[in-house]
Amino acid sequence: MQGFFESKEFKENLTKFEEARQNGGSVYLDSDQLTDIAEYYHWMGHSDEAVEVADYALSIFPGATSPLVLKSRIALLVDNDPEKAKALAEQIIDKYDLDYYYIKAEILIVVNKAKEADLYLETCADQVEDEDYDDYLLDVATLFTDYEQTTYARKWLERSVETDLPDYREQQGRILYFEKEYEESIRIFESLADESPYNAFYWDMLACNQLALGRLSDTITSSEFAIAINPNDESALLYKGQALMRQKCYEDAIPYFERHWRIRPCNIDGPLNMALCYINLGNYKEGDAYLQAAEQSAERHCPERLWEIYQEEAFAYSQFNNLSLALSYIDKMEALKDNDPDEAMVLRGHVYLEHFRPAQANECFKKAIDHSNYSSNIMMRVAVSLYDNDYIKSAFDMLKGFTPADLASLPQTYAYLAICAHDLGHYEEYLDYLRTAVEKSPTAARTVLSPLFPDEMEPSDYYNYAIKEQHQ
């Protein structure tokens, strides 16, 4: 959508509209053009203004589809009011408009009724004109992909015969990304970028896949292609900043997060990542200021991300040596409606360990493990906390107690088993776990084990490198 907002046509319509509104005059724009302007305000985080423009469009075009779809989506995603969203959707006059079908299905998906959405869209398919049918299949696949419902997305996509279309292959690549099949997704987007090198979205998708694999130099290169095409490409700015941050180039990363924040002031990624950069640079005052900015932004624009913010604040204030403030943010996490009490309790234990209070930490860990009914995921988090706080043997013993089923569901465990064995000097076990880690979960292997290997080395080369090192 951002690319459209950068287009000459949209900018001209936006200027005409804002000048007319400022001067008390009027300008003729159709329902879709007015909705584009409303979408822009919504994208910028100004939902109230977006609704005002949509209402203005409806005063001229009562029952028009596009402004009612936008109002319905705002009610659904911003106001968290699916009933209001349904009522607005039902005001659409043309009940055979494809966008009417899509908004009805989207409401079902958001309220965790993806199966019902799929069945509803099947019934709607019978009403779709033959000339629109292939578009319908791709649109439905896109809708399910947007919500990471990849099973349904793949089902609808595979019904399309237009397999050579860029739109088809794009959705195929996005599905693979959400399924963590990053190499295959990269292959598709490399092919698309070769055919359309000025499509910034293809470079964005390459960058996010490469970032997921830890290919930081490749991420930076792909992001730079996208930024060259569109200097205001918010995704590319974010990916490049994150890649630089993971390379520990914190000062270099900050300007990209600043640019991202200027473009998307309602998005918390800019201030949150700037906070993490400043904290890693030892500038706690600046880090604190940006953490507070991110929290305020989340409260206004994306309360669903408050858990993430509070968690980072708990980590940060623990690092700032302020135990009481760190614990107060864990209290906030636990007070959230959709909280995970076991994860919060593990974090509480982690903070106690950082402040050399092992008895209190162990009590928290025991509560989380017992309450989760010995969840392997929670036990994994406890083990990682133990490792991070130099209780390496305790972490190793806990991870070695995992069952084959636990290891199958959490293959990243092998990377932690390998690093624990390495640090404890158990080199034969280290090599065994390393070999399995790079086979079962190369992404986790890169994240956990990369400090042991040369920069930019692929995980597939770790084992042979370790063997050579041992024999030198």
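Residues numbered from 1 in each chain as written. Predicted model: local features only at pLDDT ≥ 70, side-chain atom pairs only at ≥ 80, totals over all residues. Heavy atoms only, no water.

Caption draft 1: Representation of the packing of helix H3 (residues 31-43) against helix H5 (residues 65-77) within the structure. One way to put it is that H3 packs onto H5 with a least axis distance of 8 Å and a crossing angle of 20°. As summarised for this structure, H3 and H5 are arranged roughly parallel, according to the angle between their axes. Note on element contacts: H5 touches H3 through Ser66, Pro67, Leu70 and Ile74, opposite Ser31, Asp32, Thr35, Ala38, Glu39 and His42. Residues belonging to the contact of H3 with H5 are distributed by class as follows: four nonpolar, four polar and two charged. (Axes fitted to C-alpha atoms, helices over the stretch in contact; angles between N-to-C directions. Helix = DSSP H or I, 4+ residues; strand = E, 2+ residues; numbered from the N terminus. Parallel < 35°, antiparallel > 145°, perpendicular 65-115°, else oblique. Contact = heavy atoms within 4.5 Å. Nonpolar A, V, L, I, M, F, W, Y, C, P; charged D, E, K, R; others polar.)

Caption draft 2: The arrangement of a negative patch on the surface in detail. A contiguous patch of negative charge, built from Asp32, Asp99, Asp135, Asp139, Glu162, Asp164 and Asp167, is present on the exposed surface. Structurally, the position occupied by Asp32 is in helix H3. Asp32 sits in the partly exposed class, given a relative accessible area of 48%. (Patch = residues over 30% accessible without salt bridge, like charges linked within 9 Å, V, L, I, M, F, W, Y side chains within 5 Å. Areas by Shrake-Rupley, 256 points an atom, 1.4 Å probe, with all protein chains shown as cover. Salt bridge = Lys/Arg side-chain N within 4 Å of Asp/Glu carboxyl O. Lys, Arg positive; Asp, Glu negative; His and termini not counted. Charge placed at Lys NZ, Arg CZ, Asp CG, Glu CD. Buried < 20%, exposed > 50% of the residue type's maximum accessible area, 1.4 Å probe, protein only.)

Caption draft 3: Region of interest: the nonpolar core. One finds Ile37, Tyr40, Tyr41, Tyr430, Leu434, Leu449 and Phe453 to be the most contacted residues of the largest nonpolar core, which totals 125 residues. Among the elements that take part in this core, helix H13 (residues 200-212) stands out by supplying nine residues, more than any other. Not counting residues within four places of it along the chain, the set of residues in contact with Leu449 comprises Ala415, Ala418, Ile419, Leu434, Ala444 and Tyr462. Ranked by size, the runner-up nonpolar core spans 38 residues in total, among them Val69, Tyr101, Tyr102 and Ala141. (Core = buried A, V, L, I, M, F, W, Y, C linked by side-chain atoms within 4.5 Å.)

Caption draft 4: Quick look at unusual backbone geometry. Positive phi outside glycine occurs at Lys248, with the angle close to 70°. Inspection of the secondary structure puts Lys248 in the loop between helix H15 (234-246) and helix H16 (250-263). Of note in this structure, Phe356 is not a glycine but carries a positive phi near 60°. When you line up the elements, Phe356 lands in the loop between helix H21 (341-354) and helix H22 (358-371).

Caption draft 5: Local environment of the environment of Gln172. Here Gln172 lies in helix H11 (residues 166-178). Residues in contact with Gln172, not counting those within four places in the same chain, are Leu157 and Ile188.

Caption draft 6: Quick peek at the side chain of Arg305. By secondary structure assignment, the location of Arg305 is in the loop between helix H18 (284-301) and helix H19 (306-319). With near-sequence residues (within four places) excluded, Arg305 lies in contact with Asn267, Ile268 and Asp269.

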